[in-house]
Amino acid sequence: MSETGETSLLAAPDIRHKIERIAAQIVEAHPDRPLALVGIHTRGAVLCRRVYDILRARGRDTAFGTLDIALYRDDLDNLGTIPSIRGSDLPFPVEGAHIILFDDVLFTGRTIRAALDELVDYGRPARIELAVLVDRGHRELPIAPDYLGQSMSTARHDHVRVCFTETDGREGVFLTRSAPQP
Amino acid sequence: MSTPRLFHGGLAVDADHAAPRRLDVLVGADGKIERAAPEIKPAAGVEAVDCTGKILLPGLFDMHVHLREPGREDEETIGSGGRAAARGGFTGIVAMPNTDPPIDSGGLVRYVRTLAREQSPVPVWTSGCITKGRAGQQLADIADMQQQGAVMITDDGDPVADAYLFRRALEYARHFDLLVACHCEVPELSRGGAMNEGARSYRLGLPGIPACSEEISIARDLQLARLAGGRIHIQHVSTARGLDIIRRAKADGVRVTCEVSPHHLLLSEDDITDYDTNFKMNPPLRTVEDNAALLEGLLDGSIDVLATDHAPHTEFEKNLDFASAPFGITGLETALPSLFSRLVRTGKLPWDILVRAFSREPRRILGLEVADFREGLPADFILFDPEASTHFSADTMESKSRNTPFLGQTLPGAVVQVVLGAELLLGRKQP
Amino acid sequence: MSTTAPPARRKDLLDIESLTREEIVFLLDTARPFKDLFDRSVKKVPALRGKTVLNLFFEPSTRTRASFEIAAKRLSADVTNLAITQSSVTKGESILDTVDTMQSMKVDYMVVRHAAAGVPAFIARHTPAAVINAGDGNHAHPTQALLDAFTMREAVGELDGRRILLVGDLLHSRVFRSVSTVARKLDMDVGIFAPTTLIPSGRPDYMQAFSTFDEALEWSPDFVYLLRLQRERQAAHFFPSLREYHHVFGLTRERFLECRRRGIRIMHPGPVNRGVELVDEVLTYEHCLINRQVENGIAARMAVLYWLQPAVTPLPDEKEEFAS
């Protein structure tokens with residue numbers, strides 16, 4: 001694989017700005033309704049946590065949960081190592097809940113599909129919306145975000161990486177171009 | 001009509017010389033050795049066989065072979081066993097009597113000898129059972145069997161558990177100076193066991209056969225032999241302590257000889273890693289300490305004879321879980337290459353001792369003509385190529401059965417020809 | 001919780017001996033979230049959807065088989081049970097014939113229990129399916145060891161330096177072999193207490209043997225693990241009577257009180273012989289982990305099914321041996 005180096009797509013200040021905007025849009029869309037914010041491990045959960053903290057700081061309390069979609073993936077057969085399972089943590093009744101699902105990057109849509117399947121195994125939510133930091137296109141399923149940080153045009157074989165301080169020690173969204181695999 | 005042959009350019013080994021020495025052998029048209037000397041010039045009318053780089057050994061002799069005929073011809077026949085013997089470099093073998101029906105009468109001894117003459121390329125002698133039906137209850141017709149040609153008696157596969165009966169068997173056999181060979185174990189101690197009892201059997205979760213089962217039985221048999229007089233032969237010794245007991249009895253004047261198999265010199269319980277039933281036999285593979293003690297015994301003469309205990313089983317029978325599979329591995333074809341590759345080539349076992357134990361002594365113990373490079377004797381030797389190799393697979397082995405731990409392996413050394421009288425037993429091309 | 005990279009997947013789980021400490025810890029860590037699923041109303045996850053698990057039990061067993069069945073179903077796999085009595089399958093060709101038949105049904109996982117050691121290994125060599133040893137003769141019972149390790153860790157946290165005392169018929173017990181091995185791999189100290197007739201020779205040196213139960217309890221084990229005694233052993237001269245066995249080697253009321261005083265946890269792989277290995281009171285003791293073991297069995301077996309990976313099914317004319 002030939003790497004031609006990282007390009008920064010979003011720097012730390014941009015990220016903060018986008019996250020604040022997502023939080024604002026959520027408040028605007030749901031001024032009164034009780035919400036449950038659920039982040040998909042690993043970085044979706046970080047993103048979710050930040051939005052949750054912003055909302056709380058503004059006096060808006062919501063439920064918070066995390067989702068580990070490892071057991072709902074559709075590609076387990078091909079993996080040489082199985083991902084560690086952290087487990088999901090949904091400490092609120094899913095039945096009838098109004099959930100906003102968070103992930104860092106929206107790409108093919110399969111991760112979100114797995115998350116939806118898992119959520120409904122916990123109960124029947126009233127509604128599920130989707131918030132993502134980056135939408136890089138190349139969808140393989142009919143899934144669209146309700147709250148979006150930034151939309152980007154990428155090649156299918158590019159590698160888009162979101163880095164958060166909590167998980168990666170730095171802030172930024174990076175693009176690594178690579179040659180198409182034969 | 002055959003021609004005289006001159007086997008020239010080779011190195012010969014025999015029981016009296018530690019190192020191989022240059023020897024040319026001229027075999028007459030009648031199959032007898034006309035001359036044996038370091039250098040013989042080829043003459044007209046004599047077929048010259050170039051033995052450069054080859055080693056000439058007196059024909060090997062295996063006094064412990066299971067031929068399975070009558071009864072289990074699917075495992076082996078006298079014919080296929082004889083061919084396997086030739087392929088392994090053996091010019092004489094002794095068949096065990098635990099066939100179906102067991103060889104417990106003169107008539108059956110004769111049957112085996114007749115079949116052998118017709119079908120085996122090498123001479124086959126037979127042993128007879130000690131007890132009728134090998135049931136351990138009553139003496140078989142020992143004298144009758146000897147008259148028909150049995151060279152020893154044994155209930156091999158089992159001991160004669162009844163000590164009183166065994167005593168009488170020893171005394172009776174003594175009358176006819178017939179060798180009594182013993183499979184030594186205490187059935188109650190070994191019962192249900194699948195391999196040597198020890199750390200390995202613990203790890204594999206398999207029931208064990210304790211070493212003392214063999215040791216106790218050897219001690220018993222030798223005490224009875226001392227009481228009864230006569231000649232006794234302890235088969236397939238596998239334990240160091242068992243060997244010590246034999247040594248002490250020898251020092252004490254008991255007329256005992258004993259044998260060890262190549263696998264008990266080369267393999268141990270540590271080699272059983274994956275429940276491979278090609279490592280299951282009775283007595284089982286023991287410890288590496290036993291391997292070392294048995295080799296030492298072979299070198300110092302406490303062990304008289306090498307014998308393979310060739311025990312063919314079909315793939316179907318052996319293809320079972322370890323505890324249920326039958327005991328036994330083949331050995332005729334793998335014996336010489338395996339001993340050569342692991343012991344002779346590495347200097348641990350000199351050629352002269354190998355020839356003593358695997359050719360001269362077994363014949364001498366049974367009162368048979370010893371194979372040697374002496375003028376006037378019928379030609380009885382093999383050509384061994386230390387630079388060639390032998391691959392053991394279903395396609396390349398003569399035995400009907402494939403149950404050997406060396407299956408799939410290629411070992412250094414190959415038997416390239418067997419000279420028996422005027423015959424060359426192996427095809428011209430190398431195996 | 002392990003933070004290192006997850007271990008590569010294996011095809012088969014045949015024993016504990018061949019697992020590394022990292023693999024064992026990974027399986028224990030993975031069992032935890034599976035156990036959490038039990039509180040959901042929908043206890044299933046689709047991880048093994050479309051896969052077929054075959055229970056091939058040559059030895060009867062209701063508990064272990066049911067545990068595997070539930071575990072497989074909670075992973076959304078399809079489960080088939082083949083209960084073969086000993087009498088109808090005693091020859092190797094029947095085992096292989098059965099395995100070959102299963103091949104054509106495209107089975108992905110085989111859970112095998114057999115009275116003879118080595119049979120699961122034998123089957124594993126002849127099938128691309130992932131083979132799980134559910135107990136083979138006296139050799140191994142790896143999933144039992146994993147659920148026991150999970151239970152112990154759940155009870156006291158990290159197991160390094162903790163002590164486990166194994167009591168009873170060690171000789172005939174594959175549970176003993178696997179549990180002592182997993183304990184050792186997790187750096188526990190292993191003590192044993194049993195009549196000498198029931199202590200296997202050839203056992204590893206690290207096991208400390210005690211001559212009386214009191215002496216063993218003085219050693220302050222964290223766990224006393226009782227092994228089942230089969231009544232048939234009496235006939236085979238391993239001990240004179242059940243009464244004497246219970247009196248000397250069983251968890252009598254006095255010894256149980258001592259355990260309770262010390263806060264020692266009691267374990268047993270089941271089924272329990274009341275009045276032989278232990279007295280009834282033990283079963284209602286707050287630190288009796290026996291029911292917990294059963295519960296954790298499902299989670300541990302789910303972790304194993306999740307981790308193992310069957311080999312690619314070969315084309316019919318390309319049959320090969322499958323190494324795990």
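Residues numbered from 1 in each chain as written. Chains lettered and ligands numbered in written order. Predicted model: local features only at pLDDT ≥ 70, side-chain atom pairs only at ≥ 80, totals over all residues.

Comments concerning the overall build of chain A
No. 1: In terms of helices and strands, chain A carries 4 helices and 8 strands.
No. 2: For chain A, the sequential pattern of α-helices and β-strands runs β-α-β-α-β-β-α-β-β-β-α-β.
No. 3: Against the compact-globule benchmark of 16 Å for 182 residues, chain A has a radius of gyration of 16 Å, which places it among compact chains.
No. 4: Each principal axis of the C-alpha atoms in chain A carries an extent, and together these give about 50 × 40 × 30 Å.
No. 5: For chain A, buried positions account for 35% of its 182 residues.
No. 6: By sequence separation, contacts in chain A at least 24 residues apart represent 69% of the contacts at least 6 residues apart. (Helix = DSSP H or I, 4+ residues; strand = E, 2+ residues; numbered from the N terminus. Rg over C-alpha atoms; globule rule 2.2 N^0.38 Å. Buried ≥ 20, exposed ≤ 12 C-beta atoms within 10 Å, placed from the backbone. Contact = placed C-beta atoms within 7 Å.)

Some points on the environment of V46 of chain B
Residues and elements named next belong to chain B.
No. 1: Here V46 lies in the loop between β3 (33-37) and β4 (47-50).
No. 2: Sequence spacing of V46 and L26 is 20 residues, and the spatial spacing of their C-alpha atoms is 8.7 Å.
No. 3: When residues no more than four places from it in sequence are discounted, the contact partners of V46 are T3, P4, R5 and L6.

Regarding the sheet that holds strand β5 (residues 127-135) of chain A
Residue and element names in this part refer to chain A.
No. 1: Reading across the sheet, the 5 strands line up as β3-β2-β4-β5-β6 and stay open at both edges, with parallel pairing between neighbours. Both outer strands of the open sheet, β3 (63-67) and β6 (147-151), are each paired with one neighbouring strand and no more. Pairwise comparison of adjacent strand axes, ignoring direction, gives a mean angle of 20 degrees for this sheet.
No. 2: Most of the contacts of helix α2 (residues 43-57) go to strand β2 (residues 36-40), to which it runs at about 150 degrees, and overall it touches β2, β3, β4 (98-106) and β5. (Pairing = 2+ DSSP bridges. Axes fitted to C-alpha atoms, helices over the stretch in contact; angles between N-to-C directions.)

Here we look at the interface of chain C and chain B
How big an interface is tends to be expressed through the accessible area that disappears when the partners come together.
No. 1: Each side of the interface is counted separately: chain C has 21 residues, and chain B has 18 residues.
No. 2: The class makeup of the residues in the side of chain C that touches chain B is 8 nonpolar, 7 polar and 6 charged. (Nonpolar A, V, L, I, M, F, W, Y, C, P; charged D, E, K, R; others polar.)

Observations regarding the domain arrangement of chain B
Residue and element names in this part refer to chain B.
No. 1: Taken domain by domain, chain B holds domain 1 (5-56 + 375-424) and domain 2 (59-365).
No. 2: For domain 1 and domain 2, the distance between their C-alpha centres works out to 26 Å.
No. 3: On the domain 2 side, the residues contacting the 31 residues of domain 1 number 40 residues.
No. 4: Residue assignment for the side of domain 1 that touches domain 2 shows that the elements contributing at least two residues are β1 (5-14), β2 (17-27), β16 (380-391) and β17 (410-420).
No. 5: Ranked by residue count, the leading element in the side of domain 1 that touches domain 2 is β17, at 7 residues. (Domains from an automatic or database assignment.)

Details of the arrangement of the chains
No. 1: Here 2 pairs of chains make contact, and the pair sharing the most contacts is chains B and C.
No. 2: Where chain A comes nearest to chain B, the C-alpha atoms are still 25 Å apart, and the two do not contact one another.

Some remarks on the packing of helix α1 (residues 21-36) of chain C against helix α5 (residues 142-156) of chain C
All names here are of chain C.
No. 1: Between α1 and α5, the least distance of the axes is 10 Å, while the angle of their chain directions is 70 degrees. Regarding the angle of α1 to α5, the classification is roughly perpendicular. α5 is crossed by α1, and the crossing has right-handed handedness. Seen from α1, the contacting residues are I24, L27, L28 and A31; seen from α5, they are L146, A149, F150 and R153. (Parallel < 35°, antiparallel > 145°, perpendicular 65-115°, else oblique. Left-handed = near helix turned anticlockwise from the far one by under 90°.)

Remarks on the sheet that holds strand β7 (residues 90-95) of chain B
Residue and element names in this part refer to chain B.
No. 1: On the basis of which strands lie adjacent, the open sheet formed by 3 strands has the order β6-β7-β8 and parallel pairing. Because the sheet does not close on itself, it has two edges, and the strands there are β6 (60-65) and β8 (124-126). The sheet shows a mean angle of 20 degrees between the axes of neighbouring strands, direction not considered.
No. 2: Relative to β7, β6 is paired through 4 bridges, and the arrangement is parallel. Directly across from V65, in β7, lies its bridge partner A95.

Concerning the pairing of β16 of chain B
No. 1: Sheet topology places strand β5 (residues 55-58) of chain B next to β16 of chain B; 4 bridges connect them, and they run antiparallel. Residue I55 of chain B lies in a different strand from β16 of chain B, and its bridge partner there is F384 of chain B.

Examining the interface of chain C and chain A
No. 1: Of the residues lining the interface, 18 residues belong to chain C; the matching set on chain A comes to 15 residues.
No. 2: Elements with a minimum of two residues in the side of chain C that touches chain A: α1 and α11 (290-307) of chain C.
No. 3: Looking at the side of chain C that touches chain A, the element that brings in the most residues is α1 of chain C, giving 5 residues.
No. 4: Across the side of chain C that touches chain A, the residue classes break down as 11 nonpolar, 2 polar and 5 charged.

Some words on the environment of I33 of chain B
Residues and elements named next belong to chain B.
No. 1: If you trace the backbone, I33 turns up in strand β3.
No. 2: Between the alpha carbons of I33 and L377 there is a distance of 5.7 Å; along the sequence they are 344 residues apart.
No. 3: Sequence-distant contacts of I33, that is, excluding residues within four places in its chain, are made with V25, V27, F373, R374, E375, G376, L377 and A379.

Thoughts on the packing of helix α7 (residues 211-228) of chain B against helix α8 (residues 240-251) of chain B
Residue and element names in this part refer to chain B.
No. 1: Packing of α7 against α8 leaves a shortest axis separation of 8 Å and a crossing angle of 15 degrees. One finds that α7 runs roughly parallel with respect to α8. Note that α7 runs across α8; the crossing there is right-handed. Only R241, G242, I245, I246 and A249 of α8 make contact with α7, whose side of the interface consists of A211, E214, E215, I218, A219 and L222.
No. 2: Taken together, the residues of the contact of α7 with α8 break down into 7 nonpolar, 1 polar and 3 charged.

Section: unusual backbone geometry
All names here are of chain B.
No. 1: Between D100 and P101 the backbone carries a cis peptide bond, its omega angle lying at 5 degrees.
No. 2: Tracing the chain through its elements places P101 in the loop between β7 and α2 (106-119).
No. 3: A cis amide bond, omega 0 degrees, links N282 with the succeeding residue P283.
No. 4: For P283, the location among the structural elements is in the loop between α9 (262-266) and α10 (288-299).
No. 5: Despite not being glycine, D177 has its phi angle at roughly 50 degrees, a positive value.
No. 6: Since 10 C-beta atoms lie within 10 Å of it, D177 is described here as exposed.
No. 7: Phi at Y275 takes a positive value of approximately 55 degrees, unusual for a residue other than glycine.
No. 8: Residue placement: Y275 occurs in the loop between α9 and α10.

Let's talk about α10 of chain B
All names here are of chain B.
No. 1: With 12 residues, α10 should cover 16 Å at 1.5 Å per step; its first-to-last C-alpha distance of 17 Å lies within 8% of that length.
No. 2: Along α10, the residues classified as buried are D290, N291, A293, L294, G297 and L298.
No. 3: Looking at the buried positions of α10, the neighbouring elements they touch are α8, β14 (256-260), α9 and α13 (351-365).
No. 4: Residue G301 follows α10 closely and has a positive phi angle near 90 degrees. (Expected span 1.5 Å × (residues − 1).)

Things to note about the pairing of β5 of chain B
Residues and elements named next belong to chain B.
No. 1: Residue alternation in β5 divides its side chains into two sets, I55 and L57 and L56 and P58, and both sets are buried.
No. 2: Bridge analysis of β1 against β5 gives 2 bridges, and the strand direction is parallel. Across the sheet, L11 pairs through a bridge with I55, a residue of β5.

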